[in-house]
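Structural overview for review
What follows is the residue order along each chain.
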Amino acid sequence: MPVTLLLLLALINAIGIDGEESNGLCDYKPSIDPRPHSVSILEFGAVGDGKTLNTIAFQNAIFYLKSFADKGGAQLYVPPGKWLTGSFNLTSHLTLFLEKGAVILGFQDPSHWDVLEPLPSYGRGIELPGGRYRSLINGYKLRDVVITGDNGTIDGQGSVWWDWFNSHSLNYSRPHIVEFIESERVVVSNLTFLNAPAYNIHPVYCSNVLVQNMSISAPPESPYTIGIVPDSSNNVCIEDSIIEMGYDAISLKSGWDEYGIAYDRATSDVHIRRVHLQSSSGSSIAFGSEMSGGISNVHVEKVHLYNSFSGIEFRTTKGRGGYIKRIFISDIELENINLAFGAFGDHGLHPDDKFDPNALPVIDQITFRDVTGTNITTAGNFTGIQESPFTSICLFNVSLTVSASSNSWVCSNIVGFSESVFPEPCPQLTNPFSNFSSACYSLLNSYGESASL
């Protein structure tokens, strides 16, 4: 489908978000006041020819703008051109603004990328033991930061990273395009992201994050590329965006096995709405499998999932611990999907051999309402854990056109309830007298007709 960005008229200018407290969800709108100070990357010697390396220019510009943090903040303006750069860090009370025709290009030589310690909730790199490459654009313990523009582009130039990954040539886990750590009040909007080495947007240990009006894509063959990854973060809104990725389009996470259990920070209060999502080899929306800190209170509504291996998946395994609970998914359109819904209790590896095999995850209160699907191969595969069955899996008003009707549902070690579902689900989802039907209606009633948590 054509990529059409719904540009926010006020965010075309520099944005400050100090003037209004956020509830963190999609009802929150940032202040539209421009930053009082603005400089162009040209003032720091940058050259937009696509060949000159501008890492020092970006680093110097942001170091200069840091002095305006207590004076209302500042904007770094990137004009049209191709701006090749290595990794750089942002600062608080900053807007990075990319004009139409501006393209930031990620430098492809790993010798120019610093190596960071593993995230404490993971204990190692997600792909390899040890550290991980620093992302292209970074924020650490920041407040009030905006990355936006007039549909400018950030191209991670990930093809060489994909080749190194496929050939097992990397020494460390791949970098992302944007990563914020322990930051508050973050906005990423009105941009195109292309060809991430791994993730595109990774807020980890963050709160009050708004991702809005984005076009994010990577080729179908790009290995394990993911669009947006809310990770041990709360009060996150993702809306009005188009995401087409090699693996997952949106993936919610919260740490890995014993490390995530010890760090103990959940991903919670997340609202995803009005997005178009496509996943070539993964899931359009995924929960886990790294979810040891817990995932809860997530509302997904008014989304279009298409041309994907899987529509919506919940992933975990023994040794993860944690939970996925109170997930409400409504007004969903699926088109050309191999597996509409999945919940798997044997998905994913362990970071090392120190995990507790008795740390059993809990999957509870997952509700689907008002779902239509065409050209679906399998309606659902819900495969729980014998020692910890998935409970209160609830389906209301779900209609799927399934090509393999004899194998439309696969269920084991789950309990739930359904009403007005076609094709008819498995017996584990059809017991109206179980206690779980009450839990289904409780979550349904708590949302009612509202579009917000």
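Residues numbered from 1 in each chain as written. Predicted model: local features only at pLDDT ≥ 70, side-chain atom pairs only at ≥ 80, totals over all residues. Heavy atoms only, no water.

Note the following rule: UniProt positions are given in the numbering used here, feature names are shortened, and annotations may be inferred rather than shown by experiment.
Going by an unreviewed UniProt entry, the protein chain carries the name Rhamnogalacturonase A/B/Epimerase-like pectate lyase domain-containing protein and comes from Jatropha curcas. Its UniProt record, at the heading Subcellular location (unreviewed entry), says of the protein chain: "Secreted, Cell wall". The UniProt entry for the protein chain carries this comment under Sequence similarities (unreviewed entry): "Belongs to the glycosyl hydrolase 28 family."

Side note on the state of the cysteines
What counts, and what does not: By definition, disulfides here are pairs of cysteine sulfur atoms that lie within 2.5 Å. Helical segments are the DSSP runs of H or I of at least four residues, strand segments are the runs of E of at least two, and each set is numbered from the N terminus. For every residue, the accessible area (1.4 Å probe, protein chains only) is compared with the maximum for its type, and the residue is labelled buried under 20%, exposed over 50%, or partly exposed between those bounds.
All told, the structure shown has one disulfide when counted by the stated rule. A sulfur-sulfur separation of 1.8 Å characterises the disulfide bridge that pairs Cys411 with Cys426. On the sign convention where negative is left-handed, the bridge of Cys411 and Cys426, at about -65° about the S-S bond, is left-handed. Of the two residues, Cys411 is situated in strand β26 (residues 409–412) and Cys426 in the loop between β27 (414–422) and α4 (435–447); the sequence distance between them amounts to 15 residues. Here Cys411 falls in the buried class, since its relative accessible area comes to 16%.

Considering the packing of aromatic side chains
Applied cut-off: Two aromatic rings from Phe, Tyr or Trp, using only the six-membered ring of Trp, form a pair when their centres are within 6.5 Å; if the ring planes differ by under 30 degrees the pair is stacked, by over 60 it is edge-to-face, and anything between is tilted. In this scheme, Lys NZ or Arg CZ marks a charge over a ring once it lies within 6 Å of the ring centre and within 35 degrees of the ring normal.
The final tally for this structure, using the stated rule, is 17 aromatic pairs. Centre to centre, the rings of Tyr133 and Trp161 are 5.2 Å apart; their planes meet at 65°, and the pair counts as edge-to-face. Residue Tyr133 is found in strand β9 (residues 132–133), and its partner Trp161 is found in helix α2 (residues 159–166); the two are separated by 28 residues along the sequence. Overall, Tyr133 belongs to the buried group, its relative accessible area being 7%. Judged by relative accessible area, which is 0%, Trp161 ranks as buried. Directly above the ring of Phe165 sits Arg174, whose terminal nitrogen or CZ lies 4.2 Å from the centroid. The side chain of Lys325 reaches across the aromatic face of Tyr323, ending 4.5 Å from its centre.

Let's talk about the pattern of salt bridges
Side chains that carry opposite charge are capable of pairing whenever their charged atoms lie near each other. Here is the rule: Within this document, salt bridges are pairs made up of a side-chain nitrogen of Lys or Arg and a carboxyl oxygen of Asp or Glu, the two lying within 4 Å of each other.
Counted by the stated rule, this structure contains 16 salt bridges. With a closest N to O distance of 3.0 Å, Asp144 and Arg35 form a salt bridge. In this pair, Asp144 sits in strand β11 (residues 143–149) while Arg35 sits in the segment before β1 (37–40), placing the two residues 109 residues apart along the sequence. On the basis of relative accessibility, which here comes to 8%, the residue Arg35 falls in the buried class. Note that Asp114 and Arg134 form a salt bridge whose closest N and O atoms lie 3.6 Å from each other. Here the residue Asp114 occupies a position in the loop between β7 (102–106) and β8 (115–116), and Arg134 occupies one in the loop between β9 and β10 (137–140), the gap between them amounting to 20 residues. Using a relative accessible area of 45% as the deciding quantity, one classes Asp114 as partly exposed.

Looking at unusual backbone geometry
One can expect most non-glycine residues to show negative phi and most peptide bonds to be in trans. A cis amide bond, omega 5°, links Gly288 with the succeeding residue Ser289. The residue Ser289 is located in the loop between β21 (283–287) and β22 (295–315) in this model. Residues Phe422 and Pro423 are joined by a peptide bond in cis, for which omega reads -5°. In this fold, Pro423 is placed in the loop between β27 and α4.

Looking at helix α1 (residues 55–65)
The following threshold applies: Directions pointing from the helix axis toward each C-beta atom define the arc.
Considered for burial, the residues of α1 that qualify are Thr55, Ala57, Phe58, Ala61, Ile62 and Leu65. Seen from one end, α1 has its buried residues packed into an arc of 170°, which puts them on one side. Facing away from the buried side of α1, by more than 90 degrees, are the exposed residues Ile56 and Phe63.

Focus on the nonpolar core
Stated precisely, the cut-off is as follows: What makes a nonpolar core is a set of buried Ala, Val, Leu, Ile, Met, Phe, Trp, Tyr and Cys residues whose side-chain atoms join them at distances within 4.5 Å. Two residues qualify as a contact provided that any one of their heavy atoms is within 4.5 Å of a heavy atom in the partner residue.
Residues Leu90, Phe193, Phe287, Phe314, Phe341 and Leu400 are the most contacted members of the largest nonpolar core, which totals 97 residues. Looking at this core, the element that brings in the most residues is strand β23 (residues 323–344), giving nine residues. What Phe287 contacts, discounting residues up to four positions off in sequence, is Leu252, Ile295, Val298, Ile312, Glu313, Phe314, Arg315, Ile324 and Ile327. Core analysis: the next-biggest nonpolar cluster, separate from the first, contains seven residues, Phe328, Cys394, Leu443 and Leu444 among them.

Observations concerning the environment of Asp240
Counting through the fold element by element, Asp240 comes out in strand β18 (residues 234–245). A sequence separation of 29 residues divides Asp240 from Val211, and the C-alpha atoms of the two residues are 8.7 Å apart.

Overview of the confidence of the model for the protein chain
Detailed conclusions should not be drawn from predicted coordinates in areas where pLDDT is low. The criterion, for reference: The predictor attaches a confidence to each residue, and that confidence, scored 0 to 100, is pLDDT.
Averaged over all residues, the pLDDT of the protein chain equals 90, while 89% of them reach at least 70. Confidence drops under a pLDDT of 50 for residues 1–24, and excluding neighbours within four residues, the segment shows 77 contacts in the predicted structure. The model gives residues 449–453 a pLDDT under 50, and that stretch makes 15 contacts with residues more than four places away or in other chains.

Concerning the side chain of Ser268
Looking at the element boundaries, Ser268 is found in strand β20 (residues 267–279). Other than its neighbours up to four places away in sequence, Ser268 contacts Ser233, Asn234, Asn235, Ser296 and Asn297.

Thoughts on the environment of Cys26
Mapped onto the elements of the fold, Cys26 is located in the segment before β1. For the pair Cys26 and Ile238, spaced 212 residues apart in the sequence, the C-alpha separation amounts to 7.6 Å. Those residues in contact with Cys26, other than ones at most four positions away along the chain, are Cys237, Ile238, Glu239, His271 and Arg273.

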